[in-house]
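Summary of the model geometry
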Amino acid sequence: MAKPKIAKQKVTFSCVAPEANTVLLAGDFTGWEGAPLTLKKDKSGVWKASVSLLPGIYQYRFLVDGQWRDDPNCASRQPNQFGGENCVCIVDGARSL
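Residues numbered from 1 in each chain as written. Predicted model: local features only at pLDDT ≥ 70, side-chain atom pairs only at ≥ 80, totals over all residues. Heavy atoms only, no water.

With that settled, the discussion passes to the pairing of strand β9 (residues 85–91). Taking burial as the measure, the seven residues of β9 include five buried ones, the bulk of the element. Bridge count between strand β8 (residues 77–79) and β9: three bridges; the pairing is antiparallel. Paired with Pro79 across the strands is Glu85, a residue of β9. In sequence, β8 turns back onto β9 through a hairpin of five residues, with Gly83 there showing a positive phi of about 85 degrees. (Buried < 20%, exposed > 50% of the residue type's maximum accessible area, 1.4 Å probe, protein only. Helix = DSSP H or I, 4+ residues; strand = E, 2+ residues; numbered from the N terminus. Pairing = 2+ DSSP bridges.)

Listed below in structure tokens is the structure:
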């Protein structure tokens, strides 16, 4: 019997940083700094990237011009090993924390 296919969900991450030169998205789904995703800036100074993720619980942060920054639109946080917090994204189909 074939396993049911689990569909990926498109998740859009955004960061308001009109002054920034680069904004990267780093998380457990990118290998953190191993393969961060580059966000694209729109005319209003909002940086965005869409990622297809399987249902699950993911941790992430933004790297704005080389400085770690939280996502102010994310209410869920998890302590990290560096004394700060990671933002938590829950993709539909996952159990909550």
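There's plenty left to go through after this.
With that settled, the discussion passes to the environment of Leu63. One can find Leu63 in strand β6 (residues 56–64). We classify Leu63 as buried; its relative accessible area is 10%. For the pair Leu63 and Thr22, spaced 41 residues apart in sequence, the C-alpha separation works out to 8.0 Å.

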